[in-house]
Amino acid sequence: MTASPELASSRTASPELLRSVFRCHAAGVAVITATGDRPAGFTATSLNSVAAEPPLISFGIGTSSSSWPVLAEAEHVGVHILGEHQQELAATFARSGADRFGPSTDWSSGPEGVPLLAGVSAWLVCRVVARIPAGDHRIVIAEAVAGDPSGAGRPLVYHQGRFTALRD
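Let me sum up the structure you'll find in this document. (Residues numbered from 1 in each chain as written. Predicted model: local features only at pLDDT ≥ 70, side-chain atom pairs only at ≥ 80, totals over all residues. Heavy atoms only, no water.)

1. Some remarks on the pattern of salt bridges
Here is step 1: Inspection of every chain in the model, using the stated rule, returns 3 salt bridges.
Here is step 2: Salt-bridge contacts for Glu-88 lead to Arg-95; the nearest nitrogen and oxygen are separated by 3.5 Å.
Here is step 3: Using a relative accessible area of 41% as the deciding quantity, one classes Arg-95 as partly exposed. (Salt bridge = Lys/Arg side-chain N within 4 Å of Asp/Glu carboxyl O. Buried < 20%, exposed > 50% of the residue type's maximum accessible area, 1.4 Å probe, protein only.)

If you want it as structure tokens, here you go:
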């Protein structure tokens, strides 16, 4: 049996290899928010539906993130599904040092005091039920307690290291 060309060129696992492989994976874009001493939030492409009963979601957050100290203590989080028209909002919440809740961000306090972003395709407020260590990240599992799926537009997607839209 001979090795296929794909196997012959395989590389040893590393952070760079993982990033390269996942650039090939298209993912929906969400912003996760929470509040403590201050509002905090970050752009996430790791959002997943975990279970319907009870309604659970999960996402990952790096423990070196400026948002982690707030998320580490928050009882509730906001989960915002971004539309294709919100590339700049996604970039703001992804950029280190950005004034994420400054004058250019339209938001208000929602259920459980969670910061809710305006104009999103859909949102949930969720109660955090677990924070699971995973390398330099934590996997947060949260149960939906309120939400609204009625926003308009097509979803924002992250692929090949950039925000983009779906094509027909």
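Let's pick the thread back up.
2. Re the packing of aromatic side chains
Here is step 1: For the structure shown, the criterion picks out 4 aromatic pairs.
Here is step 2: With a centroid separation of 5.9 Å and 55° between ring planes, the pair formed by Phe-42 and Phe-59 is classed as tilted. Remark: Phe-59 occurs in strand S5 (residues 56-62) and Phe-42 occurs in strand S3 (residues 39-44); sequence separation between them is 17 residues.
Here is step 3: Judged by relative accessible area, which is 9%, Phe-42 ranks as buried. (Phe/Tyr/Trp six-rings, centres within 6.5 Å; stacked < 30°, edge-to-face > 60°. Helix = DSSP H or I, 4+ residues; strand = E, 2+ residues; numbered from the N terminus.)

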